[in-house]
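So you can see what is in the structure, the chains are spelled out below.
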Amino acid sequence: MPGRPGRPDPLPKALLVVTAATGIVDAVAYLGLGQVFTAFMTGNILFLGFSLAGAEGLSPIGSGTALMAFSVGAVVGSRLGAALSGRRRRWLFSSAALAAALLVTAALTAIGLRPVGAHPEPRHYVVTALIALAMGMRSATMWRLGAVLNTTLITGTLVTLIRRSPLGGGTGDGTQRYRAAGLPAVLVGAVVGALLLRVSITVTLLLAAAGVLAGIGGYVAHPASRS
């Protein structure tokens, strides 16, 4: 995805901000909404299996809610990408704006809501569904974009880094630094989310929404994104 000659593509850096926001969102989901994931579905499916087997401290309703809402979000994100095919800047900004709106709605719904462990209230499930919808859209957008930095699957990102490195028998390439940066971006987001959760779920989700809009909005405003 090169920009104009001599002008680097700003998209990978923008996606790092969005990736960090993803870490913030799942910090809210796991630590504040009953130990579920709303962005990384592998763990969510495992939690659903564990809870159905009778494991304590897990919510099958929460995991199921996140899975269904994420799937709906992925459908919406995929259809939006198809409808705006060929208009990448408009597509990316529209997707980011919708995801941010869902996160803001979740933040407003969570006003006064306390983080919970094993026994979520109905409002926790509503917040889970809203942010899983947003994350499903984000994931569909990343996959359709085919971006250099696609940390939707952290395991896949790690394997790609190793496989393309000299240690794994590869030669490395110019995109490796962006893939490598995606891992600490999620980590930093998770740390920030866990710390802010001590203040409130609402504040944490508002920061995540701001991160999504800032990352993609900054890319769309950059002159190199027009090429």
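Residues numbered from 1 in each chain as written. Predicted model: local features only at pLDDT ≥ 70, side-chain atom pairs only at ≥ 80, totals over all residues. Heavy atoms only, no water.

**Q** Please clarify how the environment of Ala132 should be interpreted in this entry.
**A** Looking at the element boundaries, Ala132 is found in helix α5 (residues 122-145). Among the residues examined, Ala132 registers a relative accessible area of 0% and is labelled buried. Separated by 67 residues in the primary sequence, Ala132 and Thr65 have C-alpha atoms spaced 8.4 Å apart. Ignoring sequence-local partners within four residues, the contact set of Ala132 consists of Thr38, Ala66, Ala69 and Phe70. (Helix = DSSP H or I, 4+ residues; strand = E, 2+ residues; numbered from the N terminus. Buried < 20%, exposed > 50% of the residue type's maximum accessible area, 1.4 Å probe, protein only. Contact = heavy atoms within 4.5 Å.)

**Q** Could you clarify how one ought to interpret a nonpolar patch on the surface in this entry?
**A** Where nonpolar side chains cluster on the molecular surface, the patch consists of Val104, Leu108, Ile111 and Leu206 and spans about 340 Å² of accessible area. Mapped onto the secondary structure, Leu206 falls in helix α8 (residues 201-221). Judged by relative accessible area, which is 37%, Leu206 ranks as partly exposed. (Patch = residues over 30% accessible without salt bridge, like charges linked within 9 Å, V, L, I, M, F, W, Y side chains within 5 Å. Areas by Shrake-Rupley, 256 points an atom, 1.4 Å probe, with all protein chains shown as cover. Salt bridge = Lys/Arg side-chain N within 4 Å of Asp/Glu carboxyl O.)

**Q** When you look at the nonpolar core in this model, what are you seeing that I'm missing?
**A** Soluble globular proteins tend to pack their nonpolar side chains together in the buried interior. Judged by nonpolar contacts, the single largest core of 50 residues is most densely connected at Leu33, Leu103, Ile131, Ile201 and Leu205. Where this core is concerned, the elements lending two or more residues are α1 (11-32), α3 (60-83), α4 (88-109), α5 and α8. Look past the residues within four positions of Ile201 in its chain and what remains in contact with it is Val28, Gly32, Leu33, Ala110, Leu113, Arg114 and Pro115. (Core = buried A, V, L, I, M, F, W, Y, C linked by side-chain atoms within 4.5 Å.)

**Q** In this structure, what is going on with helix α2 (residues 41-52)? I would like to understand it.
**A** For an α-helix the count is 3.6 residues per turn, leaving residues at separations of three or four pointing the same way. Given a rise of 1.5 Å per residue, 12 residues ought to cover 16 Å, and the 16 Å separating the end C-alpha atoms of α2 matches this to within 8%. Against α1 and α3 lie the buried residues of α2. Remark: Gly54 follows α2 within two positions and exhibits a positive phi of approximately 100°. (Expected span 1.5 Å × (residues − 1).)

**Q** Help me understand the packing of α4 against α5 in this model?
**A** Between two packed helices, what matters for the description is the angle formed by their axes and the separation of those axes. Running from N to C, α4 and α5 cross one another at 165°; their axes reach a closest spacing of 8 Å. Classified by the angle between their axes, α4 and α5 sit roughly antiparallel to one another. Taken as a pair, α4 and α5 cross one another with a handedness that is left-handed. Every residue of α5 that contacts α4 at Arg88, Trp91, Leu92, Ser95, Leu98, Ala99, Leu102, Leu103, Thr105, Ala106 and Thr109 is listed here: Arg123, Val126, Val127, Leu130, Ile131, Leu133, Ala134, Met135, Met137, Thr141, Arg144 and Leu145. Across the contact of α4 with α5, the residue classes tally to 16 nonpolar, four polar and three charged. (Axes fitted to C-alpha atoms, helices over the stretch in contact; angles between N-to-C directions. Parallel < 35°, antiparallel > 145°, perpendicular 65-115°, else oblique. Left-handed = near helix turned anticlockwise from the far one by under 90°. Nonpolar A, V, L, I, M, F, W, Y, C, P; charged D, E, K, R; others polar.)

**Q** Looking at this model, I keep getting lost on the confidence of the model for the protein. Mind explaining?
**A** A low pLDDT score tells you not to read the predicted coordinates there in detail. Looking at the protein, the pLDDT average stands at 84 and 81% of residues meet or exceed 70. Here helix α6 (residues 154-164) stands out as the element of the protein with the lowest mean pLDDT, 65, in contrast to α4, whose mean of 94 is the highest. (pLDDT = per-residue confidence, 0-100.)

**Q** Looking at this structure, how should I read α3?
**A** The terminal C-alpha atoms of α3 lie 35 Å apart, and with 24 residues this matches the ideal 34 Å at 1.5 Å per residue to within 8%. Where α3 is concerned, the buried positions are Gly62, Ser63, Gly64, Thr65, Ala66, Leu67, Ala69, Phe70, Gly73, Gly77, Leu80 and Gly81. Those residues of α3 that are buried are in contact with α2, α4 and α5.

**Q** Would you explain the packing of α3 against α5 in this entry?
**A** The interhelical angle for the contact between α3 and α5, taken along N-to-C directions, is 40°, at an axis separation of 6 Å. Between α3 and α5, the angle falls in the class oblique. In the crossing of α3 with α5, the sense of the turn from one axis to the other is right-handed. Each residue belonging to the contact of α3 with α5 can be placed in one class, and the counts come to 16 nonpolar, nine polar and one charged.

**Q** Even after reading the chapter, I still don't get the side chain of Thr128, so can you show me in this structure?
**A** With respect to the helices, strands and loops of the structure, Thr128 is situated in helix α5. Residues contacting Thr128, with those up to four places away along its chain left out, are Leu33, Val36, Thr38, Gly62, Thr65 and Ala66.

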